[in-house]
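For reference, the chains in residue letters:
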Amino acid sequence: LPGSPGGLWGSLTAVSPQDWEQRQEEDTLLIERILLLVRNVLHVPPDPTEEQQGVDGDASVHDRVLWALHISGMDDLLKFLASAQVEQQWALHVLEIISLMFRDQSPEELAALGQGTAGAEHGEDTRELQSLRQRELAEKRSRALQRTSRHSRFGGSYVLQGVKSIGDRDVVFHKGLHNV
């Protein structure tokens, strides 16, 4: 019963976070049986007559089961089992459950849903980057026009009097005019 503290979900959440070394054989069997039960519930084919009489509008039985799994926290537990390194023994069960969760969805629809807001944000970001790039190029062109086309080759060599170099001579300093 989803959401009930003493039900299957409560027992699975109580057993699952335990370290795999501390689990007993009964705990491992309990986890496997619960995962198989969830898989089998999701594997039930839709009944066309009941789908047409839907009470919740267009929410099918499958959608209501998925909502109950979400409300009970089973989806978070499945994510934990799928991502935990020590829980690899459940990977195929979790993969089957996830594939059954998405069985009524087409890949094109899922991709379009994921790109809906991301696509709009991406287009906005692209326009903003293009405007910044245009502004940068305009500034670069205006700086290039401000410079004179003739370049003074005189860099300047100066003798610092009173400052001796390694020998007895004065220090000779080479510096461009733009740095003076």
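Nothing here was measured: the structure is a model prediction, and the numbers come from that model.

Looking at the nonpolar core
Inference 1: Counting 16 residues, the largest nonpolar core has Leu35, Leu42, Leu69, Met74, Leu78, Ile97 and Met101 as the members making the most contacts within it.
Inference 2: Where this core is concerned, the elements lending two or more residues are α2 (25-43), α4 (61-72), α5 (74-83) and α6 (91-101).
Inference 3: Counting residues per element, this core draws most heavily on α2, which supplies five residues.

Notes on a nonpolar patch on the surface
Inference 1: A grouping of Ile98, Phe102, Leu110 and Leu113 is seen on the molecular surface, where their side chains present a nonpolar patch of about 370 Å² in accessible area.
Inference 2: In this fold, Ile98 is placed in helix α6.

What about α4?
Inference 1: Over its twelve residues, α4 runs 16 Å from end to end, which matches the ideal 16 Å to within 8%, given 1.5 Å per residue.
Inference 2: Restricting attention to buried positions, one finds in α4 the residues His62, Leu66, Leu69 and Ser72. One side of α4 holds all its buried residues, which, seen down the axis, span an arc of 130 degrees. The outward face of α4, more than 90 degrees from its buried face, is lined by the exposed residues Trp67 and Ile71.
Inference 3: Gly73 sits one or two positions beyond α4 and adopts a positive phi of about 90 degrees.

Thoughts on the confidence of the model for the chain
Inference 1: In the predicted model, the chain carries a mean pLDDT of 77, and the fraction of residues at 70 or more is 72%.
Inference 2: Low pLDDT, under 50, characterises residues 1-6; the predicted model gives this stretch ten contacts beyond four residues in sequence or across chains.

Concerning the packing of α2 against α4
Inference 1: The geometry of α2 relative to α4 is characterised by a closest axis approach of 10 Å and an angle of 155 degrees between their N-to-C directions. It follows that α2 is roughly antiparallel to α4 by the angle criterion. From α2, Val38, Val41 and Leu42 reach across to α4, where they touch His62, Val65, Leu66 and Leu69.
Inference 2: Tallied by class, the residues present in the contact of α2 with α4 amount to six nonpolar, one polar and no charged.

Concerning the pattern of salt bridges
Two side chains that carry opposite charge are able to pair once their charged atoms sit near each other.
Inference 1: Enumeration over the complete set of coordinates arrives at four salt bridges.
Inference 2: For the salt bridge of Asp76 with Lys79, the shortest nitrogen-to-oxygen distance reads 3.3 Å. One end of the pair is Asp76 and the other is Lys79, both in helix α5 and three residues apart, which spans about a single turn.
Inference 3: The shortest N-O distance in the salt bridge between Arg103 and Asp104 comes to 3.6 Å.
Inference 4: You can call Asp104 partly exposed: its relative accessible area is 44%.

Cut-offs used in this document
- Residues numbered from 1 in each chain as written.
- Predicted model: local features only at pLDDT ≥ 70, side-chain atom pairs only at ≥ 80, totals over all residues.
- Heavy atoms only, no water.
- Core = buried A, V, L, I, M, F, W, Y, C linked by side-chain atoms within 4.5 Å.
- Buried < 20%, exposed > 50% of the residue type's maximum accessible area, 1.4 Å probe, protein only.
- Helix = DSSP H or I, 4+ residues; strand = E, 2+ residues; numbered from the N terminus.
- Patch = residues over 30% accessible without salt bridge, like charges linked within 9 Å, V, L, I, M, F, W, Y side chains within 5 Å.
- Areas by Shrake-Rupley, 256 points an atom, 1.4 Å probe, with all protein chains shown as cover.
- Salt bridge = Lys/Arg side-chain N within 4 Å of Asp/Glu carboxyl O.
- Expected span 1.5 Å × (residues − 1).
- Arc of directions from axis to C-beta.
- pLDDT = per-residue confidence, 0-100.
- Contact = heavy atoms within 4.5 Å.
- Axes fitted to C-alpha atoms, helices over the stretch in contact; angles between N-to-C directions.
- Parallel < 35°, antiparallel > 145°, perpendicular 65-115°, else oblique.
- Nonpolar A, V, L, I, M, F, W, Y, C, P; charged D, E, K, R; others polar.

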